[in-house]
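# Tertiary structure, described
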Amino acid sequence: MIETRKLNVQPALNRPDDFYNALVDMHRDLSEEQSQMANAKLILLLANHIGDEETLEEALKIAAEGLN
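Everything in this summary refers to the structure shown in the same document. Here the residue numbers are simple positions, counted from 1 along each chain's written sequence. Local features are withheld for residues below a pLDDT of 70 in this predicted model, meaning they are given only at 70 or higher, and side-chain atom pairs are given and counted only at 80 or more; totals for whole chains, interfaces and linings count all residues. With hydrogens and water excluded, all non-hydrogen atoms of the structure serve as input to the side-chain values.

## Notes on the overall build of the chain
Secondary structure summary: the chain contains three helices and zero strands in total. Only runs of H or I of at least four residues qualify as helices and only runs of E of at least two qualify as strands under DSSP, and these elements are numbered from the N terminus. Reading the chain from its N terminus to its C terminus gives the helix and strand order α-α-α. By the compact-globule yardstick of 11 Å for 68 residues, the chain is too spread out, its C-alpha radius of gyration being 14 Å. Principal axes of the C-alpha set define a box for the chain whose edges measure 50 × 30 × 25 Å. Burial classes: relative accessible area under 20% of the type maximum marks a residue as buried, over 50% as exposed, and values in between as partly exposed (1.4 Å probe, protein chains only). Burial analysis of the chain (68 residues in total) assigns 9% to the buried set. Surface exposure of the chain reaches about 6500 Å², of which carbon and sulfur atoms provide 55%. Of note, the chain has its 6 positive side-chain charges centred 3 Å away from the centre of its 13 negative side-chain charges. Every radius of gyration here is taken over C-alpha atoms, with the globule rule written as 2.2 Å times N^0.38, N being the number of residues. Computed with a 1.4 Å probe, the accessible areas rest on the Shrake-Rupley method; for each residue, only the protein chains presented here act as cover. As used throughout, the charge tally considers Lys and Arg to be positive and Asp and Glu to be negative, leaving His and the chain termini uncounted. We put the charge of a Lys on NZ, of an Arg on CZ, of an Asp on CG and of a Glu on CD.

This is the structure in structure tokens:
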């Protein structure tokens, strides 16, 4: 059986390096606590934008793979 995914895991950004640099810049000069808060806020903003719980649950599972 072929696994179907709702989550697009293929590269989709036109300029991924620019996004990465913006992400790094966002964290510049932040404390560890501020950095963690910025990450949490970004995750919640993007989750709200996606809005599909099944897709978000799939993303959580993929992100946690191999961490335990």
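## What to know about the packing of helix 1 (residues 16-27) against helix 2 (residues 32-50)
Every axis corresponds to a line fitted to the C-alpha atoms, with the helix fit spanning only the stretch in contact, and the corresponding angles, defined between N-to-C directions, vary from 0 to 180 degrees. The interhelical angle for the contact between helix 1 and helix 2, taken along N-to-C directions, is 135°, at an axis separation of 9 Å. Relative to helix 2, the element helix 1 lies oblique. Two secondary-structure elements touch here, helix 1 through Leu23, Met26 and His27 and helix 2 through Ser35, Ala38, Asn39 and Leu42. In what follows, roughly perpendicular refers to angles from 65 to 115 degrees, roughly parallel to angles under 35, roughly antiparallel to angles over 145, and oblique to any angle outside these ranges. Between two residues, a contact is recorded if the distance between any of their heavy atoms is within 4.5 Å.

## Quick word on the side chain of His27
By the secondary structure assignment, His27 is in helix 1. As used in this structure description, the phrase polar contact means that two N or O atoms lie within 3.5 Å; if the pair is within protein, one of them must be able to donate a hydrogen and the other to accept it, and residues adjacent in sequence are counted only when both atoms belong to side chains. There is a polar contact of 2.5 Å between the side chain of His27 and the side chain of Ser35. Setting aside residues up to four positions removed in sequence, His27 forms contacts with Ser35, Ala38 and Asn39.

## Details of the pattern of salt bridges
For this document, the term salt bridge refers to a Lys or Arg side-chain nitrogen within 4 Å of an Asp or Glu carboxyl oxygen. Considering all chains together, one arrives at three salt bridges under this definition. With a closest N to O distance of 3.1 Å, Asp52 and Lys6 form a salt bridge. Placement of Asp52 in the loop between helix 2 and helix 3 (53-64) and of Lys6 in the segment before helix 1 is noted, with a sequence separation of 46 residues between them. Under the relative-accessibility criterion, Asp52 is labelled partly exposed at 25%. According to the relative accessible area criterion, Lys6 is partly exposed, its value standing at 46%. With its nearest N and O atoms 2.3 Å apart, the salt bridge here joins Asp25 to Arg28.

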